[in-house]
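Structural overview
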Amino acid sequence: MLELIPNQLGFPLLSLLIFVPVIGAVVLLAVRDARAARWIALVFSVLELGLCAPLLSNFDSSLAHMQFGESMPWISAWNIHYKLGVDGISILFVALTALLTVISIMVSWTAITDRVREFMVALLFLEAAMVGVFAALDLFLFYIFWEAMLIPMYLLIGVWGGPNRLYAAVKFFLYTLFGSVLMLVAILAVYFTAGGTFDVLSLMNHKFGHTFQMWAFAAFFAAFAVKVPMFPFHTWLPDAHVEAPTAGSIILAGILIKMGAYGFLRFSLPFFPDATMAYTPAIMVLSVIAVIYGAYMAFAQTDFKKLIAYSSVSHMGFITLGIFSMNSQGLEGGILQMINHGVSTGALFLGVGVIYERTHTRVIADYGGLASKVPVYAAFLMIITLSSIGLPGTNGFIGEFAILLGAFQYKAVYAVIASLGIILGAGYMLWLYQRVIFGTVTNPHNEHLKDMNLREIVAALPLVVLVFYIGLYPNAAFQVIHASADNLIKHVHAKAQVLPAAAQAVSTLVGN
Amino acid sequence: MNRMPAMHADLLTVLPHIVLAAGTVVALLAAAFARRHGTVTYVAVSTLLFSFLSLGILVPHLPSGFTDLFLFDGVSALSSGLVLFASLCVALSAYPYFMMHAVPAREFFILLLLATLGCLVIVSSSHFASLFLGIELIGIPLVVMGAYQRGNPTGIEVGFKYLILAGVSSAVLLFGIALLYAGSGSLAFGPALALLAHPAAVTPLTHIGAALLISGIGFKLALVPFHLWAPDVYQGAPAPVTLFVATASKAAVITALLRLLPPVVVEVDRYLFILFTVLSVTSMTAGNLLALRQQNVKRMLAYSSIAHSGYLLVAFLSAGSLAFTAILLYLVFYVITNLCAFGVVSLLSGSGSDADDLDDYAGLSWRKPWLALVLTISILSLLGIPLTAGFIAKFSVVTAGMASAHLALVLALVINTAVSAYYYLRIIMAMYIGPEDVLSGEIRHSERRVPVIGACLVSLQAGLLLFIGIAPQYLLQLIGWLVS
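About the cut-offs
Residues numbered from 1 in each chain as written. Chains lettered and ligands numbered in written order. Predicted model: local features only at pLDDT ≥ 70, side-chain atom pairs only at ≥ 80, totals over all residues. Heavy atoms only, no water. Helix = DSSP H or I, 4+ residues; strand = E, 2+ residues; numbered from the N terminus. Rg over C-alpha atoms; globule rule 2.2 N^0.38 Å. Contact = heavy atoms within 4.5 Å. Areas by Shrake-Rupley, 256 points an atom, 1.4 Å probe, with all protein chains shown as cover. Lys, Arg positive; Asp, Glu negative; His and termini not counted. Charge placed at Lys NZ, Arg CZ, Asp CG, Glu CD. Buried < 20%, exposed > 50% of the residue type's maximum accessible area, 1.4 Å probe, protein only. Pairing = 2+ DSSP bridges. Axes fitted to C-alpha atoms, helices over the stretch in contact; angles between N-to-C directions. Parallel < 35°, antiparallel > 145°, perpendicular 65-115°, else oblique. Nonpolar A, V, L, I, M, F, W, Y, C, P; charged D, E, K, R; others polar. Buried area = accessible area lost by both parts, 1.4 Å probe. Salt bridge = Lys/Arg side-chain N within 4 Å of Asp/Glu carboxyl O. Polar contact = N/O pair within 3.5 Å; in protein donor to acceptor, adjacent residues only side chain to side chain. Phe/Tyr/Trp six-rings, centres within 6.5 Å; stacked < 30°, edge-to-face > 60°. Lys NZ or Arg CZ within 6 Å of the ring centre and 35° of its normal. Core = buried A, V, L, I, M, F, W, Y, C linked by side-chain atoms within 4.5 Å. Disulfide = S-S within 2.5 Å. pLDDT = per-residue confidence, 0-100. Patch = residues over 30% accessible without salt bridge, like charges linked within 9 Å, V, L, I, M, F, W, Y side chains within 5 Å.

So, about the overall build of chain B. Within chain B, the regular secondary structure consists of 23 helices and two strands. Taken over C-alpha atoms, the radius of gyration comes to 21 Å for chain B, in line with the 23 Å a tight globule of 484 residues would show. Based on the C-alpha atoms only, the size of chain B along its principal axes is roughly 70 × 55 × 40 Å. In chain B, the proportion of contacts linking residues at least 24 apart, taken out of those at least 6 apart, comes to 80%. Working note: accessible area of chain B is about 16,700 Å², and carbon and sulfur atoms make up 72% of it. A distance of 4 Å separates the average location of the 20 positive side-chain charges in chain B from that of its 18 negative side-chain charges.

So this is what it looks like as structure tokens:
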């Protein structure tokens, strides 16, 4: 079905996208000066972003196939290949990764003063691994990149994080690793069942037995659900976000947690369509719980970052709701919302970082009345808040609307409950905005607050542009996504068998 | 028996052994006549090097036998190479270590050469007599090496513990050998193996013999419940001795186990299968759980090595060529990783006690960024994170387990891996925590210069770990070529 279209650019674009940050990191190792380290990291990340231009412009969005394909044998004894390619589902994430890395480096410019070089090395390695995750078309290769992200992220939180960083870093690592090792077992089970191949494209066409699918889906689910994070596997996220430095939070919220949802799309759905159908009711319930629970928790938070972290749990619930609606509106909305959430939550954490650098507090009550002191910042935060709420005209609206359409078709009650989440979202975000920006200055420390400087504005601008670009002209993004998403949904429905008795039992159990 | 036609071909089989034995004699003479420590060190190092190089002469003629006692095949060559490499590293790190502690080190190198000879005898033995000879040849020098620093009371304790361990395990082993002999009527490995491979013909007595044999080897591998000596010996022995116990002697014993009870036999025999399963799961679980709360790095690594022995047994429980390859890969990973980790511990150890408290590593990345990086790589390799050799080794063991459909065992392994992350991360965390934490901790070894050779060695080992992790196909080819 899906084919790998060989790369016709004359240079291995995807490999370059993976190795440019690595080269940057190696170059950085030779530098001692903090200033030089910042500039070198910035140059390499901008170069990486520049490489996304040929990627996006040469992408043929009318095809569902994997493009820019590269393939060569790597470990032939185990039939492992170095195989890369992107389709409409993954390509935007590669670009978003490159963009958010540049922004992360820029917001860390003065925020990170300690061991700058090591910080940038970790960030660049992380970028390489993230691009690798989205581009890998060999399960073994995918797993390598997947695990390779752990260490730099762990160090970003553990070394440059807040006071309770060690706890948060270890919690992040252990949760994720636990999911990953179960996935490794499932990957090997898939490998042996399918006759000794790690090739993602041929595995998509392999028909696995029903019982096998149920087990393997569950094992993959362990890895992806922790990463998303789905309720009730979410508890590491607020801790990690609160303790992580701004750059870490941006990457974590923008890219890392999208990988769970990406994993569902790339592996769980096409490999195990029967199991997907069987588990869907349960996952839909979990998603709706996440939407409401995340919003509910967000109301109770006194910490700026923790509030956004719980809002992420809520928003990620939306995304899984869309994906598992099992229709093209929901799926495409889910994918678009993954991008949207990356943009707006990345921007929100940027906003927190900007103000935290000046005041060194994240307690919402320490703010208030900032509108008169930092008008540019207030405007920026306003735009992002509205995008996060999903106001028409911003990107958030489009994604949430499509997801609700999809969920409604699946079962109206889910759409109804989820829209309640939107209302709650508007509640806690506007309340947050009101407490931080409006009113009078109650905290004397905030009297002489400086507004966003040029560097911060430049870092924030692309995200603001994206908020409106996607919001006003969503077709550009949908076009890229459409062919692949459509193909995926058809593939799943064509491959899935009539629900056997066992799966129906699961369905009735959760009240379908 | 299978005598080779020419005498020199026979002798070729034991060339590495002969080189080592001759070198030991030279070292003895050097110790008697040349009073400088350096001379004996040179003799020991060059002996090990020559013995290593002599493998090159031997390898094209594999497999070759020497009487009934020795059979040198590809597996022996691989383990001999590992053992000699490990001993070389031990020798090179021991010299500066003992210089710093102002302990005369001449005799240490002689003991090291003898113990290495013991390892070589074990990995090439095809007969219970030579196996036992080799085990004793490791055990007796190690007793003395453990207690080498006479002024240090823990040294004496370590010597005694190891002496008792060696005595008990030898006794158990010998009784097992005797019972197997009663069943097969021969002391060579072949008949005993053939006997065990046909479960229908095996008498209970033979099973008890095999169980005792495994227990004896279990003592050496520190499998739970035979592990009680390991943490104390790892912690109390001088760092270079720990290095030897953790790498060379362990590699030799694993090879012997591979010779005695290859995966095929374990898979076929139900009793052996149950025994190995119990040993495997208890070792990995208990090892990891006990490591969680350790404050002493050497002790923590000792428990980690117990867990790793448990992981390795999963491969012994699996069948097919995958399992065989997995064991050899694991052996390579295990030796190099532990050389690297304990090598750094040894390098950091000052003239006082060894740098084994977790606090000694606080902020290491500020004081010695390179060594911290090297130690990080080796710890990540122990944990089995991708792009290190540890991942490839663990992956191959898990693959072998999955291929034999031992799902429960594999799950035990991977869940244990997730648990082990907690204590491995503690070491990494300690090295990279912020400056305010370092100031409160005592910076004990900051000013001391690290010996250049030692630093180069651990860097080389860390590089090897990454190389195997990124491009394992070369090692896989080498193993495939040696085994075929």
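Moving on, we come to the overall build of chain A. Across its full length, chain A holds 22 helices and three strands. Here the C-alpha radius of gyration of chain A, 22 Å, is about what a compact globule of 512 residues would show, namely 24 Å. Taken over the C-alpha atoms alone, chain A extends approximately 65 × 55 × 40 Å along its principal axes. Residue pairs at least 24 apart in sequence account for 82% of intrachain contacts in chain A once pairs closer than 6 positions are excluded. Taken as a whole, chain A presents about 16,500 Å² of accessible surface, with 69% of it coming from carbon and sulfur. Each charge class in chain A can be summarised by its mean position, and for the 23 positive and 24 negative side chains these summaries are 6 Å apart.

A few words now on the pairing of strand β3 (residues 80–86) of chain A. Residue and element names in this part refer to chain A. Across the seven residues of β3, six count as buried, placing the element largely inside the fold. Bridge count for strand β2 (residues 66–75) against β3 is six bridges, and the pairing is antiparallel. Residue pairing for β3: Ser71 is matched across the bridge by Lys83.

For any two helices packed against each other, the geometry is given by the interaxial angle and the distance between the axes. All names here are of chain B. Close contact between helix α11 (residues 239–246) and helix α16 (residues 320–348) brings their axes to 9 Å; oriented N to C, the two are set at 170°. One way to sum up the angle between α11 and α16 is to call them roughly antiparallel. Between α11 and α16, the contacting residues are Ala239, Pro240, Thr242, Leu243 and Ala246 on the first element and Tyr334, Asn338, Leu339, Phe342, Gly343 and Ser346 on the second. Class assignment for the residues of the contact of α11 with α16 results in seven nonpolar, four polar and no charged.

What follows is about the environment of Gln149 of chain B. Residues and elements named next belong to chain B. By the element assignment, Gln149 lies in the loop between α6 (128–146) and α7 (153–184). For the pair Gln149 and Phe98, spaced 51 residues apart in the sequence, the C-alpha separation amounts to 9.1 Å. Among residues more than four places away in sequence, those in contact with Gln149 are Tyr97, Phe98, His101, Val103 and Pro238.

Take the interface of chain A and chain B next. Each partner contributes to the interface: chain A provides 30 residues, whereas chain B provides 39 residues. Summed over both partners, the interface of chain A with chain B buries about 3,100 Å², with 83% contributed by carbon and sulfur atoms. The largest share of the area that chain A buries against chain B comes from Trp78, Arg115 and Val185 of chain A, three residues that together contribute 19% of it. Counting the contacts that link chain A with chain B gives zero salt bridges. Counting across the interface, chain A meets chain B through four residue pairs in polar contact (both at pLDDT 80 or more). Those elements that place two or more of their residues in the side of chain A that touches chain B are β2, α5 (139–148), α6 (150–160) and α7 (165–193) of chain A. When residues of the side of chain A that touches chain B are assigned to their parent elements, the largest contribution, 14 residues, is made by α7 of chain A. Of the residues that constitute the side of chain A that touches chain B, the class distribution is 26 nonpolar, no polar and four charged.

On to the pattern of salt bridges. Following the criterion strictly, the structure yields 13 salt bridges over all chains and no others. A salt bridge links Asp87 of chain A to Arg266 of chain A; the shortest N-O distance between them is 2.6 Å. Linking Asp87 of chain A in the loop between β3 and α3 (91–107) with Arg266 of chain A in helix α12 (residues 258–271), this pair joins segments that are 179 residues apart in sequence. For the pair Asp87 of chain A and Arg266 of chain A, a shared accessibility class is recorded, and that class is buried. Residues Glu456 of chain A and Arg455 of chain A are paired through a salt bridge, measuring 3.9 Å at the closest nitrogen-oxygen approach. With a relative accessible area of 2%, Glu456 of chain A lands in the buried category. Connected through shared salt-bridge partners, Glu157, Lys161, Asp232 and Arg299 of chain B make up one network.

This paragraph deals with the pairing of β2 of chain A. Residues and elements named next belong to chain A. Within β2, seven of the 10 residues are buried, leaving the element largely enclosed by the surrounding structure. Sheet topology note: the strand β1 (residues 4–6)/β2 ladder contains two bridges and is parallel. By the bridge assignment for β2, Leu4 is matched with Met66.

A few words now on the packing of aromatic side chains. Residues and elements named next belong to chain A. According to the stated counting rule, one finds 55 aromatic pairs over all chains in the structure shown. With 5.2 Å between their ring centres and 80° between their planes, Phe264 and Phe324 make a pair best called edge-to-face. Residue Phe264 is located in helix α12, and its partner Phe324 is located in the loop between α14 (304–323) and α15 (328–359); the two are separated by 60 residues in the primary sequence. The class for Phe324 is buried, based on a relative accessible area of 0%. One residue, Arg435, lies across the ring of Trp431, its end atom 3.6 Å from the ring centre.

Turning next to the nonpolar core. In terms of nonpolar packing, the biggest core is built from 399 residues, with Phe140, Phe173, Leu269, Phe304 and Leu350 of chain A together with Leu261 and Tyr361 of chain B touching the most fellow members. It is α16 of chain B that provides the largest number of residues to this core, a total of 20 residues. Those residues in contact with Tyr361 of chain B, other than ones at most four positions away along the chain, are Val297, Val345, Leu348, Ala355, Asp356, Arg367, Leu375, Ala430 and Met431 of chain B.

Attention now goes to unusual backbone geometry. With omega at 0°, the peptide bond leading from Phe231 of chain A into Pro232 of chain A counts as cis. The omega angle of the peptide bond from Val224 of chain B to Pro225 of chain B is 10°, so this bond is cis rather than trans. Assignment of secondary structure puts Pro225 of chain B in the loop between α9 (204–221) and α10 (229–236). Backbone geometry places Asn79 of chain A, a non-glycine residue, at a positive phi of 60°. One can find Asn79 of chain A in the loop between β2 and β3. The phi angle at Ala222 of chain B is positive, at roughly 60°, despite the residue not being glycine. Within the element layout of this structure, Ala222 of chain B appears in the loop between α9 and α10.

Quick look at the state of the cysteines now. Following the criterion strictly, the structure yields zero disulfides over all chains and no others. The thiol sulfur of Cys119 of chain B is not disulfide-bonded, and the nearest other cysteine sulfur, from Cys89 of chain B, lies at 14 Å.

Moving on: the confidence of the model for chain B. Residue and element names in this part refer to chain B. Within chain B, residue pLDDT values average 86, and 94% of them lie at 70 or more. Across residues 1–6, where pLDDT falls below 50, the model places seven contacts with residues more than four positions away in sequence or in other chains. Ignoring residues within four places in sequence, the model shows residues 439–445, a span with pLDDT below 50, making 10 contacts including any to other chains. Scored by ipTM, the complex comes to 0.88, with pTM at 0.91.

All names here are of chain B. Within the secondary structure, Trp370 is located in helix α18 (residues 369–383). Classification of Trp370 as exposed rests on a relative accessible area of 53%. With 85 residues separating them in the primary sequence, Trp370 and Ala455 have C-alpha atoms 8.9 Å apart. A distance of 2.8 Å separates a polar atom in the side chain of Trp370 from a polar atom in the side chain of Ser459.

A separate point is α6 of chain A. Most of α6 of chain A is tucked away, with 11 of its 11 residues classed as buried. Restricting attention to buried positions, one finds in α6 of chain A the residues Leu150, Ile151, Pro152, Met153, Tyr154, Leu155, Leu156, Ile157, Gly158, Val159 and Trp160 of chain A.

Residues and elements named next belong to chain A. Strand order in the open sheet formed by three strands is β1-β2-β3, with mixed pairing between adjacent strands. Strands with a single pairing partner mark the edges of an open sheet, and in this sheet they are β1 and β3. Strand-to-strand, the axes of this sheet are offset by a mean angle of 50°, without reference to chain direction.

Okay, a nonpolar patch on the surface next. A cluster of nonpolar residues, Leu461, Val465, Phe468, Tyr469, Leu472 and Tyr473 of chain A, forms a patch on the protein surface that exposes about 620 Å² of accessible area. Note that Val465 of chain A resides in helix α20 (residues 454–472).

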